[in-house]
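Residue strings, one per chain:
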Amino acid sequence: MYNDYCQDHHGDGHCDKGCNTKECNWDGGDCVTAPEAENDYASGALIFILDMSVDQFWNISMHFLRDMGFLLRTILVIMEVSGFVSHKVLV
């Protein structure tokens, strides 16, 4: 049950301390408060090509980021890139 809560609130901009665990992929980075902690993030880009509409992706994006982040053992975020066809790239 708590897993469902953490999945639904992953990366939503609000720190859920109970979800700030390895198993819940660190709440999508929501609990990072110190600006210098962002320097611990890996730099670079990871591009996924998905066979769905942008609207379909946005409906599942929090679940996708959490599950992929857990598999890759990192926190993924969505970054805007001007000039990119869908205007969004996962990094």
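In what follows, the structure referred to is the one given above.
Now for a description of the structure that goes with this document. (Residues numbered from 1 in each chain as written. Predicted model: local features only at pLDDT ≥ 70, side-chain atom pairs only at ≥ 80, totals over all residues. Heavy atoms only, no water.)

## Remarks on the state of the cysteines
All chains considered together, the criterion is met by two disulfides. In this model, C6 is linked to C19 through a disulfide, with the two sulfur atoms separated by 2.0 Å. In this structure, the disulfide formed by C6 and C19 twists by about -85° around the S-S bond and is classed as left-handed. Of this pair, C6 sits in helix α1 (residues 2-8) while C19 is found in the loop between α1 and α2 (54-72), placing the two residues 13 residues apart along the sequence. Exposure class is identical for C6 and C19. Each is buried. A sulfur-sulfur distance of 2.1 Å marks the disulfide that ties C15 to C31. Taking the sign of the S-S torsion, about 95° here, the bridge from C15 to C31 comes out right-handed. Here C15 is found in the loop between α1 and α2, whereas its partner C31 is found in the loop between α1 and α2, with 16 residues between them in sequence. On the basis of relative accessible area, C15 is assigned to the partly exposed category, the value being 27%. (Disulfide = S-S within 2.5 Å. Helix = DSSP H or I, 4+ residues; strand = E, 2+ residues; numbered from the N terminus. Buried < 20%, exposed > 50% of the residue type's maximum accessible area, 1.4 Å probe, protein only.)

## Let's talk about the side chain of D27
Topologically, D27 is positioned in the loop between α1 and α2. The buried charged residue D27 lacks any salt bridge, with R66 as its nearest oppositely charged partner at 7.3 Å. If we skip the residues at most four places from it in the chain, D27 touches H9, H10, G11, H14, C15, D16, C19 and N20. (Lys, Arg positive; Asp, Glu negative; His and termini not counted. Salt bridge = Lys/Arg side-chain N within 4 Å of Asp/Glu carboxyl O. Contact = heavy atoms within 4.5 Å.)

## Concerning the packing of aromatic side chains
Considering all chains together, one arrives at three aromatic pairs under this definition. Summarising the aromatic geometry, the rings of F57 and F64 are spaced 5.5 Å apart at their centres and angled 75° between planes, so their arrangement reads as edge-to-face. For F64, a relative accessible area of 15% puts it in the buried group. (Phe/Tyr/Trp six-rings, centres within 6.5 Å; stacked < 30°, edge-to-face > 60°.)

Spatial relationships are all this shows, so hold off on functional conclusions.
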